[in-house]
Amino acid sequence: MSTTRPYAADDRGSDSGEGESDVSAPERAGPDEPVRKLALSGESGIVPRARDFTRQALRDWGWLPAANADRRAAAEDVLLVVSELVTNACLHAGGPDELRLRRNPKSLRLEVVDSGPGEPSPRTPHRAGRPGGHGMFIVQRLCLDWGVIRETDRPGKTVWAELAAPA
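Since we're looking at a predicted model, the values are computed, not measured.

Participant: Any chance you could break down the pattern of salt bridges for me, citing the residues and the numbers?
Facilitator: One pass over the structure, following the stated rule, counts eleven salt bridges. The partner of E43 in a salt bridge is R49, and the shortest N-O contact between them spans 2.6 Å. R150 is paired through a salt bridge with E119; the nearest N and O atoms lie 3.3 Å apart. Residue R150 is located in strand β4 (residues 145-150), and its partner E119 is located in the loop between β3 (107-114) and α3 (135-142); the two are separated by 31 residues in the primary sequence. For R150, a relative accessible area of 35% corresponds to the partly exposed category. Via salt bridges that share partners, E98, R100, R102, R109, E111 and E162 belong to a single interconnected network.

As structure tokens, then:
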């Protein structure tokens, strides 16, 4: 896990104001928007909703429909990581507040904001044959990097993960 790079390589962070979109539904965002946001507080069916939101962003950004098996695998990895991060927030942090997708030419950054005090970590030692506890291990294996940013002005954190853009 890394917390030394709170923002993606090509991202100036949320305080820059450039390219930010407070969109909570994919149909309101333009296809070229580099940042998408989905409010999840108090929603039902959070994990499928987060996956649908992400799937639409991937369509808008040209990741889907996939032209080949590598691109399809990249999109499936993104959807799996979104599911894992949102599920972890549901199980261990009282539910997610927001999902953010930030894209740049080289990577896609997923961010799940929650109000929980805990800190995710891969279960050590990882036991492949036992149920549960695989979420952050999967995130660690599929992502270029991931980490946690603690909120300074409120309780909670942002759990982020970066995946490589398909070639």
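Participant: Could you give an account of α3, with specific residues and numbers?
Facilitator: Those residues of α3 that sit buried are G135, M136 and V139. Along the long axis of α3, the arc covered by the buried residues comes to 90°, so they all point the same way. The inward-facing, buried residues of α3 contact α2 (69-92), β4 and β5 (157-164).

Procedures and definitions
- Starting from 1, residues in each chain are numbered consecutively following that chain's sequence as written.
- Note on the predicted model: pLDDT of at least 70 is required for a residue's local features to be given, and 80 or more for side-chain atom pairs to be given and counted; whole-chain, interface and lining totals, by contrast, use all residues.
- With hydrogens and water stripped out, all remaining heavy atoms of the structure feed into the side-chain values.
- Just to be clear on terms, a salt bridge is a Lys or Arg side-chain nitrogen sitting within 4 Å of an Asp or Glu carboxyl oxygen.
- Secondary structure is summarised from DSSP: a helix means a run of H or I of at least four residues, a strand means a run of E of at least two, and numbering begins at the N terminus for each.
- The buried label applies to any residue whose accessible area, calculated with a 1.4 Å probe on protein chains only, is under 20% of its type's maximum; exposed applies above 50%, and partly exposed to all values in between.
- The arc in question is formed by the directions pointing from the helix axis toward the C-beta atoms.
- Throughout, a contact is declared for two residues whenever any of their heavy atoms are within 4.5 Å.

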